[in-house]
Amino acid sequence: MPINSFDAYPMSWKPDISNSTAPLYIAIAQQLELDIKEGRLTPGTKLPPQRELADFLDVNLSTITRAFKLCGQKGLIYASIGSGTFVSTDAASNKILLPSNRTTPIIEMGSVLPDNFVNEDITRYMKKMVGEPSFPKLFQYGRPEGNAWQNEAVLKLFELVNFQTDQPILLGAGGQNAIVGTLAALFQPGDRIGTDPITYAGVKTAANMLGIQLVAIQQCQGEMTKEGLLYACKNEHIKGIYVIPDFHNPTTHTMSVETRKMIAEVARQRNLLVIEDAIYSFLKENPYAPIASYAPEKVIYIASLSKTISPGLRLSFIVTPPAFRKKIMETLYNINISVSPIMLELAARLIHEGVAQTILEKHRAYAKQQNALVNHYLAEYHVLGDEECIFRWLLLPDKFTGVQFELLASKAGVQVYAAERFAVGNAKPVNAVRMAIAAPEYQLEQALIILKDILESNGDYTFVD
């Protein structure tokens, strides 16, 4: 029996597992997940201390710990050292992260995809390759670092973002795969990594899968502060940080030079690993030098062609300090993240012959054209993002939450992504949605009219699941 009486005791959660036949820790975890999904536990709710719950349920403390660990791995709850355990801010948005079963057409402004009209340029080069006598050799296994000519191509591309390195380039099958491989290689389950309070949803998924906990770092004007980073090092015991310096996903923010240098300095002082996600950097006409140029011995730099040249190339480039190179390479190999020699050779030719650079210019021109439409239709609202960025960050009026607006837009035939999808831990996100802008012009215009109509409505809606 419990030591104390809880009849009139205020607890934020009093689970009932009396009807469950599952092992105790699983029954507790299942009840916690159910109560979150059904809204009985709202995002941000502080859960009772583990000892208090153990006493209430008359179970061992280790049983509660195991149950919380299961829910933490799913991203449902978040533990903050010295503060307690909370229902994650994005826990209630899990249902909108699942694939939709809808059959009616929807205008895609959720997933960030580059325009596809440049694929004809790529197709022409592919046809030339197919007709060459050496083409069948490209069906062999590829090398994880490519050959010297292909490395030269990558270094030539890096010049566009003011990055020079003398380290060999490792290859990944897309930016997300490179991130997963790097996390798996350099961090262990239970490790903590600092991120922005709002960050790329893919790194959240990868961290959950690997049992790594993300910690929101204090910000000022959209950038990590030195005080926040040092606090997380001392009190949250982070071992690394993940950052997107250029066209931050989803907020579109570009990090200042001062903050890049600050992160490099703190990484050296506190022995932090920095994962620099430069996936959108090539889209900038006048980019700043990456963090990796200030602390190359502490930064794993990841760039990709999927968002900037073509999704079909599925090719990423990883620059790593020598101390981590072998580990990352072995991990990429062991989790079967291999690169197609055909795509690598095609990409190298596109770069060496200047076609990739021309494609980047076409993408920028198209983005400017699309963003002009966004600025026209949503001129009365606060929409963040440069004219070269292929997505925008719409700050919503107070009458909407991000989740509410996403559901409204989806019902009206437009897919956007709510801020809750990108929230880390217990950080309460601003009311906002991310809008990708690469849909065909007539579709984008139609979608913007719909979004504007929703914004101008009174926001008083009843949702039916």
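Before reading on, note that the structure itself is shown above.
This section reports on the structure supplied with the text. (Residues numbered from 1 in each chain as written. Predicted model: local features only at pLDDT ≥ 70, side-chain atom pairs only at ≥ 80, totals over all residues. Heavy atoms only, no water.)

### Regarding the overall build of the protein chain
Cut-off, in case you're wondering: Helix and strand labels come from DSSP, where a helix needs a run of H or I of at least four residues and a strand needs a run of E of at least two; each type is numbered from the N terminus. Radius of gyration means the value over C-alpha atoms here, while the globule rule gives 2.2 Å times the residue count to the 0.38 power. Here's how the labels work: a residue is buried when its accessible area is under 20% of the maximum for its type, exposed when over 50%, partly exposed in between, all with a 1.4 Å probe on protein chains only. In this analysis, two residues are considered to be in contact whenever any of their non-hydrogen atoms come within 4.5 Å of each other. Only four residue types enter the tally: Lys and Arg on the positive side, Asp and Glu on the negative side, with His and both chain ends excluded. Where a charge sits is defined by one atom per residue type, namely NZ (Lys), CZ (Arg), CG (Asp) or CD (Glu).
Secondary structure summary: the protein chain contains 15 helices and 17 strands in total. A compact globule built from 465 residues would reach a C-alpha radius of gyration of about 23 Å, and the protein chain, at 24 Å, matches this within 12%. Once the C-alpha set of the protein chain is aligned to its principal axes, its extents read approximately 80 × 55 × 45 Å. Residue burial in the protein chain is summarised as follows: out of 465 residues, 54% are buried. Considering only contacts within the protein chain whose residues lie at least 6 apart along the sequence, 74% involve residues at least 24 apart. The average position of the 43 basic charges and that of the 47 acidic charges among the side chains of the protein chain differ by 5 Å.

### Describing the side chain of T182
Here T182 is to be found in helix α7 (residues 175-186). Among the residues examined, T182 registers a relative accessible area of 0% and is labelled buried. Among residues more than four places away in sequence, those in contact with T182 are F187, I275, I300, I302 and I328.

### A short note on the pattern of salt bridges
Which entries qualify depends on this criterion: When a carboxyl oxygen of Asp or Glu is within 4 Å of a side-chain nitrogen of Lys or Arg, the pair counts as a salt bridge.
Considering all chains together, one arrives at 14 salt bridges under this definition. In this structure, the salt-bridge partner of E132 is R349, at a minimum N-O distance of 2.7 Å. Here the residue E132 occupies a position in the loop between α5 (119-130) and α6 (148-158), and R349 occupies one in helix α12 (residues 341-352), the gap between them amounting to 217 residues. On the basis of relative accessible area, E132 is assigned to the partly exposed category, the value being 27%.

### Focus: the nonpolar core
As a reminder, the rule being used: Buried residues of nine kinds, namely Ala, Val, Leu, Ile, Met, Phe, Trp, Tyr and Cys, make up a nonpolar core once their side-chain atoms join them within 4.5 Å.
Among the nonpolar cores identified, the biggest contains 59 residues, and F158, L229, I238, I241, I263, Y301 and F317 are the most heavily contacted of them. Those residues in contact with I241 that lie beyond four places of it in its chain are I193, G194, M224, L229, I263, L272, L273, V274 and I275.

### Points about helix α14 (residues 402-412)
Of all 11 residues in α14, 8 are buried, a share of seventy percent or more. Residues of α14 that are buried include every one of G402, V403, Q404, F405, E406, L408, A409 and S410, and no others. Of the residues trailing α14, G413 is marked for its positive phi of about 100 degrees.

### Here's the deal with unusual backbone geometry
Residue P250 follows N249 across a cis peptide bond; omega there is 20 degrees. On the secondary structure map, P250 appears in the loop between β9 (240-243) and α10 (257-270). Even without being a glycine, R314 presents a positive backbone phi close to 45 degrees. Position of R314 relative to the elements: it lies in the loop between β11 (299-304) and β12 (316-319).

### Considering the pairing of strand β14 (residues 391-395)
For a regular strand, side-chain orientation follows a simple rule: the groups alternate between the two sheet faces. Basically, it comes down to this: Two strands qualify as a pair provided DSSP detects at least 2 bridges between them.
Within β14, 4 of the 5 residues are buried, which leaves it mostly tucked inside the rest of the structure. Bridge count between strand β13 (residues 382-384) and β14: 3 bridges; the pairing is antiparallel. Residue pairing across strands places H382 opposite L395, the latter belonging to β14. What sits between β13 and β14 in their antiparallel hairpin is a turn of 6 residues, with G385 showing a positive phi close to 135 degrees. Of the pairings in the sheet, the one linking β14 to strand β17 (residues 432-436) comprises 5 bridges and is antiparallel in character. Looking at β17, one finds that F391 is bridged to A436.

### Observations concerning the environment of V430
Topologically, V430 is positioned in the loop between β16 (417-418) and β17. Spatially, the C-alpha atoms of V430 and P49 are 28 Å apart, while their sequence positions differ by 381 residues. Not counting chain neighbours up to four residues away, the residues in contact with V430 comprise W393, L395 and A419.

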